[in-house]
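An overview of the molecular structure
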Amino acid sequence: MSNRLFISRLSSLIISVKHSMTKIESDFDLGMKMKSLNDNKQFNKSLELFDTYKKNNVKSLSNLTISQALKACIHLDDVQRGRNIHHLLSSRINNDSYILISLIHFYINCAHMKDARLLFDTLTKKSLSIYEAMMKGYIKNNEAKKAIDLFNEIKDPDEIIIILLFNACAQLANEEGLNLIEKVSKQIPESFMSNPRLLSSLSDAKMKCNDIKSTQLLFSKSKNKSVSMYETMMNKFNENEECSKTLDLFSEMKMNNIEGTVKIYTYIIQALSQSADYSFSKRIIEQIPKSILIDDHISNALIHLVGYVDKAEEIFKRFSQPDQIGYASMINCYGYNGMGTKAIELYYKIPSKLINESIHICILNACSSPGLMSEARSIFESIQIKTERIYTTMVECLSRTSLFDEAKQLIDQFELSHSPQSPMYLALLSGARNVDNIQLSEKVHHQMRKLFPQIGNPLIALSILCDGDDDVNELSTKINKAADIIMELNQSDVKKKVGHTTTVVNGEYYKFRAHGRSHPRSKEIYNEINKISKELIKHGHKYDPSCISRLLNKGETVESVFNGHSEKLAIAWNFISNPNTTRIQLTNDLRICSDCHRAIKLIASIRQCEIIIRDANRIHHFYKNGQCSCKDYF
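Here is what the cut-offs are and how they apply
- Residues numbered from 1 in each chain as written.
- Predicted model: local features only at pLDDT ≥ 70, side-chain atom pairs only at ≥ 80, totals over all residues.
- Heavy atoms only, no water.
- Buried < 20%, exposed > 50% of the residue type's maximum accessible area, 1.4 Å probe, protein only.
- Helix = DSSP H or I, 4+ residues; strand = E, 2+ residues; numbered from the N terminus.
- Arc of directions from axis to C-beta.
- Contact = heavy atoms within 4.5 Å.
- Core = buried A, V, L, I, M, F, W, Y, C linked by side-chain atoms within 4.5 Å.
- Axes fitted to C-alpha atoms, helices over the stretch in contact; angles between N-to-C directions.
- Parallel < 35°, antiparallel > 145°, perpendicular 65-115°, else oblique.
- Left-handed = near helix turned anticlockwise from the far one by under 90°.
- Salt bridge = Lys/Arg side-chain N within 4 Å of Asp/Glu carboxyl O.
- Phe/Tyr/Trp six-rings, centres within 6.5 Å; stacked < 30°, edge-to-face > 60°.
- Lys NZ or Arg CZ within 6 Å of the ring centre and 35° of its normal.

As recorded by an unreviewed UniProt entry, the protein carries the name DYW domain-containing protein and is attributed to Adineta steineri.

A word on helix α22 (residues 340-347). It helps to recall that an α-helix has 3.6 residues per turn; residues three or four apart then point in one direction. Among the residues making up α22, those that are buried are Gly-340, Ala-343, Ile-344, Leu-346 and Tyr-347. Axial view of α22: buried residues confined to an arc of 165 degrees, hence all on one face. Check the buried side of α22 and you find it contacts α20 (309-316), α21 (324-336), α23 (357-366) and α24 (373-382).

On to the nonpolar core. In terms of nonpolar packing, the biggest core is built from 146 residues, with Ile-104, Met-134, Ile-331, Ile-363, Leu-364 and Met-394 touching the most fellow members. Among the nonpolar cores identified, the runner-up in size contains 34 residues, and Tyr-526, Cys-547, Ile-571 and Ile-584 belong to it.

The contact between helix α6 (residues 97-109) and helix α7 (residues 113-120) brings their axes to 7 Å, and the two run at 160 degrees. If you check the angle between α6 and α7, you find them roughly antiparallel. Seen from above, α6 lies across α7 with left-handed handedness. Together, Leu-100, Leu-103, Ile-104, Tyr-107 and Ile-108 of α6 and Met-113, Asp-115, Ala-116, Leu-119 and Phe-120 of α7 make up the contact between the two elements.

Tallying each qualifying case throughout the model produces 26 salt bridges. The salt bridge involving Asp-78 is made with Arg-81; its shortest N-O contact spans 3.8 Å. We classify Asp-78 as partly exposed; its relative accessible area is 24%. Since its relative accessible area comes to 26%, Arg-81 is described here as partly exposed. Lys-208 is the salt-bridge partner of Asp-204, the closest N and O atoms lying 3.2 Å from each other. In this pair, Asp-204 and Lys-208 both sit in helix α12 (residues 196-208), four residues apart, roughly one turn of the helix. A single network of salt bridges, built from pairs that share partners, joins Lys-35, Asp-39 and Lys-71.

In this structure the tally under the stated criterion is 12 aromatic pairs. Judged by centre distance (5.4 Å) and plane angle (75 degrees), the rings of Phe-120 and Tyr-131 are edge-to-face. Note that Phe-120 is positioned in helix α7 and Tyr-131 in helix α8 (residues 128-140), a separation of 11 residues in sequence. Neither Phe-120 nor Tyr-131 differs from the other in exposure class; each is buried. Among the aromatic residues, those joined into a ring-pair cluster are Phe-316, Phe-319 and Tyr-327. The cationic tip of Arg-517 hangs over the ring face of Tyr-526; the distance from NZ or CZ to the ring centre is 3.8 Å.

Written out as structure tokens, the structure reads:
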């Protein structure tokens, strides 16, 4: 009997062990199967497996299975299902830090930082890795101050924690952030400063906090400059319109055999668009690797850069399926070059699901010429959701073509359900100004004073236009009216943005500031301008005093004011450097004034030189026959 009893108990024990092993194996298999499904992005199937198994096996669920279930919830953005898993495991959380940390990561990845923080605060021992996860979550959710608060709890931060702190300071982008950067960067071990990622983060943070000098010093002292450090510097130089410095950095990268990223080449293309020389740009573009050229962001940037329709079309045709930016860039290129009809043809080929506000704005801008106003109206009426920017663009479109009554009606229509917006009035004012409509200019100005008493820069566009053919008494009256308004602007401390024009001459980049004399040969430049001015006057040009939006200083004349415009300085330098040049290219950061527009048409004809100017609104091709591609609608 004893032998039988022993054998019976032994058999039961073996069965029990086998059953236990089967459970362990099946749960392990479940976790691995879920991982395989998640790795193949079959997240719903992964959770179906989990739901089937969990019913009778809550206590035996392994950490692997739980982490894979939460991972699937993150990818499906299924917060509720994750909460259900949290509730299911509530009894195990206090005794299992792995599950607790998995749930914290789940809430962080689902942007539910409050839930993550509640769990985080229950941890008795907080590792650096969980601090890192929380700081990343706060930074990702634009809560930089909370990330900094966490940093202040840490006694011995490692390099990753320091990097995250600098990222948080970059997000603050203010004096508080800069002060913290300075404090911490002085305290961290010197060995940390050899970490390229940390240096990149420090450089970016300093730059975002507008400490440009210190960032440049850090960059120049760094022995191992990372690509992201170059990206930071290039981005800031482009923002400050210092494209030559961006291009110098690119040359430095080439010399040091540092490969550029898509971001680097995007910044290079942006810099080239400021350089105003297509042949120079072409040499740089030819250095871009084919693997980078196929990127959509690069192609879109190139369309904007080249400006020339044939080259832009060639790039656009590379797209198998253009995105919204691609369509907007190409339509904008057509509009920039005064080819509204082609822009409209492309617009009607765009799949309706891709048409957005940017594309609507680009197409309406492209239609701003008298022959295309019916198409502009039709497109405008077909837009279901008309934003403030779309209304403003349509008002500008109507104003450019002198359809002022219709533009005013559109403003009235907008204001039935919205508050008045200064850009619309400014668009109307600009249109009136460009066609010498003194009465409307005065009326709109008074309206703006009443509606926008605190306005700043938009009033700068105001200066009452005068007709060069007026008799002396009438001209004097108009100038006096303009002077009254300009005096008012001066008293209100409104500052006009100073224009800059860039050009490339004999392979060298030059930037001219309005009325600037920093060029070493500025005396020659102004002599050349005076020479051009005499040629203009000889051929019938009359300088328009009403285009000057300030009072004349002592010793100034209307002629001398216009001769100091940055585009005139750049044109003069081109002629000094190459007296027989037949092609000049410039980029102007402001819209060209109407007097300079008339003058440059004449310069192109007198000197038999094609002049191409990319201004803030469009590309002007001034031909040798004295005409401009914009047909005087700009």
